[in-house]
Amino acid sequence: MSALFKDLLYIIQISVSGEKQGHSALRLADIRGCLNAEFTVLIIKRPLKICDLHRPLYRHGNRLSICDCTDIVLFAADRIDHRKHPNVDAALWFSQEIWPLVRARLPEASFHIIGSEAPGKIKALGSIPGVVVDGFVKDLDPLLSSIRLGVAPLRFGAGIKGKVAMTFGAGVPCICTEIAAEGMGLKNGVHTFIANEPQTFADAVIKAYTDETVWERMSEESKEQVRRLFSEEANRH
């Protein structure tokens, strides 16, 4: 097996098993060449399903109603360290500029920041009333079943945001900026509220949090959108 295939196989094995054994530095130039090639053949030890590598975005089953939960959550992907600048900026911006506006209207609500390896400036946000920096959460399913809203206050970045799709797929409405809503065909006021300024974002959070009709419509519409685009059935076609 070539060195390139060994490196790619190592990446897949890590993704599937979670093992972190000692290894030499990956040959990034070779891997880039593989990714830029017209096609690549990779021989692995067993059949590999996409679901082995990625958390399912769409979930079957019933979601709790709006009255069952009070938490608002920001999912910062796999980590929220200095290498994930959009997530750090989003957590700081929401906590410092948007959350005080929300908190004034929803004193019973809590805002949770989820993501490993948080730098000191993110941990310090826990001193703001109502803000909880949870850090790494091993199993997100119980959390996704017990939160009221997600927020994705991203001000820069690109591509489809897995954290948004994951939240929608669990039947949890998620308030987005235009950047966070990219690539999923989301309609403002239907699948989500889209806002880019602190006051309009806070107003959107408060509306979705307090209006049961809006919450239920967004829960259903956004989950259906994720089912159409990202479910196992959708990826067969």
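As the structure is a prediction and not an experimental result, all values here were calculated from the model.

Caption draft 1: Just the packing of aromatic side chains, in detail. According to the stated counting rule, one finds five aromatic pairs in the structure shown. Relative to Phe201, the ring of Trp93 lies with its centre 6.1 Å away and its plane at 70 degrees, an arrangement referred to as edge-to-face. With Trp93 in helix α4 (residues 85–105) and Phe201 in helix α8 (residues 198–210), this residue pair connects regions lying 108 residues apart in the sequence. On the accessibility criterion, Phe201 (0% relative accessible area) is buried. Ring plane angle 75 degrees and centroid distance 6.0 Å describe the contact between Phe94 and Phe201, whose orientation is recorded as edge-to-face. Residue Phe94 is located in helix α4, and its partner Phe201 is located in helix α8; the two are separated by 107 residues in the primary sequence. Accessibility classification places Phe94 together with Phe201 in one group, the buried group. Cluster of aromatic residues (ring-pair linked, three or more members): Trp93, Phe94, Trp99, Phe111 and Phe201.

Caption draft 2: Main features of the pairing of strand β2 (residues 110–116). Within β2, six of the seven residues are buried, leaving the element largely enclosed by the surrounding structure. With four bridges joining them, β2 and strand β3 (residues 131–135) adopt parallel strand pairing. Residue pairing in the sheet places His112 in a bridge with Val132 of β3.

Caption draft 3: Summary view of the pattern of salt bridges. Considering all chains together, one arrives at five salt bridges under this definition. Among the ionic pairs, Lys161 bridges to Glu182, the shortest N-O distance being 3.6 Å. On the criterion of sequence distance, the pair formed by Lys161 in the loop between β4 (147–152) and α7 (162–169) and Glu182 in the loop between β5 (174–176) and α8 is long-range, its members being 21 residues apart. Under the relative-accessibility criterion, Lys161 is labelled buried at 7%. Residues Arg228 and Glu224 are paired through a salt bridge, measuring 3.6 Å at the closest nitrogen-oxygen approach. Taken as a pair, Arg228 and Glu224 lie in helix α9 (residues 212–230) at a separation of four residues, close to a single helical turn. Glu224 sits in the partly exposed class, given a relative accessible area of 28%. Several salt bridges converge on common partners, so that one network encompasses Glu224, Arg227 and Arg228.

Caption draft 4: Just empty space enclosed by the protein, in detail. Enumeration over the complete set of coordinates arrives at one cavity of 30 Å³ or more. Estimates place the volume of the largest cavity at around 30 Å³. Along the walls of the largest cavity sit Val73, Leu74, Phe75, Gly150, Val151, Ala152, Lys163, Val164, Thr167 and Cys174, which together make up its complete lining. Secondary structure elements with two or more residues in the lining of the largest cavity: β1 (71–79), β4 and α7. Looking at side-chain class alone, the lining of the largest cavity contains seven nonpolar, two polar and one charged residues.

Caption draft 5: The arrangement of the nonpolar core in detail. Judged by nonpolar contacts, the single largest core of 46 residues is most densely connected at Ile72, Val102, Phe111, Val151 and Val205. Elements supplying a minimum of two residues to this core: β1, α4, β2, β4, α7, β5, α8 and α9. Among the elements that make up this core, the one with the highest residue count is α4 (nine residues). Here Ile72 is in contact with Trp99, Val102, Ala109, Ser110, Phe111, His112, Leu149, Val151, Val205 and Tyr209, once residues within four sequence places are set aside.

Caption draft 6: Unusual backbone geometry, seen in detail. Backbone geometry places Glu117, a non-glycine residue, at a positive phi of 60 degrees. Within the secondary structure, Glu117 sits in the loop between β2 and α5 (120–123). Relative accessible area serves as the criterion here: at 45%, Glu117 is assigned to the partly exposed category.

Caption draft 7: Highlighting a negative patch on the surface. A cluster of acidic side chains, namely Glu212, Glu216, Glu220 and Glu221, defines a negative patch on the protein surface. Considering the arrangement of structural elements, one finds Glu221 in helix α9. On the accessibility criterion, Glu221 (32% relative accessible area) is partly exposed.

Rules of the game
- Residues numbered from 1 in each chain as written.
- Predicted model: local features only at pLDDT ≥ 70, side-chain atom pairs only at ≥ 80, totals over all residues.
- Heavy atoms only, no water.
- Phe/Tyr/Trp six-rings, centres within 6.5 Å; stacked < 30°, edge-to-face > 60°.
- Helix = DSSP H or I, 4+ residues; strand = E, 2+ residues; numbered from the N terminus.
- Buried < 20%, exposed > 50% of the residue type's maximum accessible area, 1.4 Å probe, protein only.
- Pairing = 2+ DSSP bridges.
- Salt bridge = Lys/Arg side-chain N within 4 Å of Asp/Glu carboxyl O.
- 1 Å grid on protein atoms, 1.4 Å probe; cavity = no way out; pocket = protein on both sides within 12 Å on 5 of 7 lines; lining within 4 Å.
- Points joined across faces, edges and corners; volume = space filled by probe spheres on them.
- Nonpolar A, V, L, I, M, F, W, Y, C, P; charged D, E, K, R; others polar.
- Core = buried A, V, L, I, M, F, W, Y, C linked by side-chain atoms within 4.5 Å.
- Contact = heavy atoms within 4.5 Å.
- Patch = residues over 30% accessible without salt bridge, like charges linked within 9 Å, V, L, I, M, F, W, Y side chains within 5 Å.
- Areas by Shrake-Rupley, 256 points an atom, 1.4 Å probe, with all protein chains shown as cover.
- Lys, Arg positive; Asp, Glu negative; His and termini not counted.
- Charge placed at Lys NZ, Arg CZ, Asp CG, Glu CD.

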